[in-house]
Amino acid sequence: MPPKGRAGDILATFTRYVAERGYDATNFSDIAGELGLSKGTIVHHFGTKDRLLAALHESYMRRRLAEAALIRDRLPTPTRQLAGLLYAFVLYQVVDREATVAFQREVVRLADHEAMAEGRRMRAEYLDLVRAVLSAGVESGEFRACDVEVQSLLIFGSAQWAWTWFDPTGPVSAEQVGAQLVELVLGGLLTRRARLNGLTEADGKVVQVVRQSIADTTGS
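Residues numbered from 1 in each chain as written. Predicted model: local features only at pLDDT ≥ 70, side-chain atom pairs only at ≥ 80, totals over all residues. Heavy atoms only, no water.

(A) Structural view of the packing of helix α7 (residues 117–140) against helix α8 (residues 148–160). It is the contact of α7 with α8, at a shortest axis distance of 10 Å, that shows an interaxial angle of 120°. In terms of their interaxial angle, α7 and α8 are classed as oblique. Pair α7 / α8 crosses with right-handed handedness. Residues Y126, L127, V130, R131, L134 and S135 of α7 form the contact with α8, whose participating residues are V148, E149, Q151, S152, L153, I155 and F156. Classifying every residue of the contact of α7 with α8 gives 8 nonpolar, 3 polar and 2 charged. (Axes fitted to C-alpha atoms, helices over the stretch in contact; angles between N-to-C directions. Helix = DSSP H or I, 4+ residues; strand = E, 2+ residues; numbered from the N terminus. Parallel < 35°, antiparallel > 145°, perpendicular 65-115°, else oblique. Left-handed = near helix turned anticlockwise from the far one by under 90°. Contact = heavy atoms within 4.5 Å. Nonpolar A, V, L, I, M, F, W, Y, C, P; charged D, E, K, R; others polar.)

Okay, structure coming up:
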């Protein structure tokens, strides 16, 4: 669960500032001034600025892991599971915009800092889940034989930079972008392209499952 009360307000404000300005341009003074509290209160709850970033990281990944597990469990085949995860990657730009932008723009900073160890563990767990879906697809014959590790990194790489170009208020919806990502990725993986039928519908069953899974983990 994300922190509640003052700690939750501090984390939410910090997240918004990092999304808007970046980590380096975010400081305790601005957060304290906006919330009407002392910098000492922030230190009391989180200690250092690095620990505040770690809290953002962990809270974000906790939500993503819970949603990914639901998407995997609620969709019946590796093809549909991977499609659901791909849609989710783009939908996060809308349903959890500030945290997604803050997380993605500072992901390099999260790579090796000691305070980020738990967040890195959860990122690895998420990556393992995606790789397990890819491996299951290969084993079942739904996906062609491929380097699962490289494929997973290509998928994450394509999603990682969406914050730099996707406009939630623009003419193309997150679901429509997700449909194109599904076609791009699964179009190259599927042994039978006919399995794409219905998966690139922006209001189709897979998208409905993804949206419900995100809704069911809100606040977790």
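So, next bit.
(B) Region of interest: the packing of aromatic side chains. All told, the structure shown has 6 aromatic pairs when counted by the stated rule. Here Y60 and F103 contribute two aromatic rings whose centre-to-centre distance is 4.6 Å and whose plane-to-plane angle is 20°, an arrangement assigned as stacked. With a gap of 43 residues between them, Y60 in helix α4 (residues 49–74) and F103 in helix α6 (residues 97–105) connect regions that are remote in the sequence. Of the two residues examined, Y60 and F103, each falls in the buried class. The interplanar angle of 40° and the centroid separation of 6.2 Å between the aromatic rings of F89 and Y126 together place this pair among those described as tilted. Note that F89 is positioned in helix α5 (residues 78–95) and Y126 in helix α7, a separation of 37 residues in sequence. An aromatic cluster is present here, built from F89, Y126 and F156 joined pairwise through their rings. Sitting over the ring of Y17, R21 keeps its end group 4.1 Å from the ring centre. (Phe/Tyr/Trp six-rings, centres within 6.5 Å; stacked < 30°, edge-to-face > 60°. Buried < 20%, exposed > 50% of the residue type's maximum accessible area, 1.4 Å probe, protein only. Lys NZ or Arg CZ within 6 Å of the ring centre and 35° of its normal.)

(C) Summary view of the layout of surface pockets. Taken as a whole, the largest pocket encloses approximately 450 Å³ of empty space. Mapped onto the lining of the largest pocket, the elements with two or more residues apiece are α4, α5, α6, α7 and α8. Among the residues making up the lining of the largest pocket, the classes are represented as 12 nonpolar, 4 polar and 3 charged. (1 Å grid on protein atoms, 1.4 Å probe; cavity = no way out; pocket = protein on both sides within 12 Å on 5 of 7 lines; lining within 4 Å. Points joined across faces, edges and corners; volume = space filled by probe spheres on them.)

(D) Structural detail: the packing of α4 against helix α11 (residues 205–216). Close contact between α4 and α11 brings their axes to 9 Å; oriented N to C, the two are set at 140°. As the angle between them shows, α4 and α11 are arranged oblique. Like other packed secondary-structure pairs, α4 and α11 cross with a definite hand, here right-handed. The residues of α11 that touch α4, namely those facing E67, L70, I71 and R74, are V209, V210, Q212, S213, I214 and D216. Within the contact of α4 with α11, the residues separate by chemical class into 5 nonpolar, 2 polar and 3 charged.

(E) View of the nonpolar core. Residues L52, L82, Y126 and L186 are the most contacted members of the largest nonpolar core, which totals 71 residues. Not counting residues within four places of it along the chain, the set of residues in contact with Y126 comprises M61, R64, L65, A68, L85, F89, Y92 and F156. (Core = buried A, V, L, I, M, F, W, Y, C linked by side-chain atoms within 4.5 Å.)

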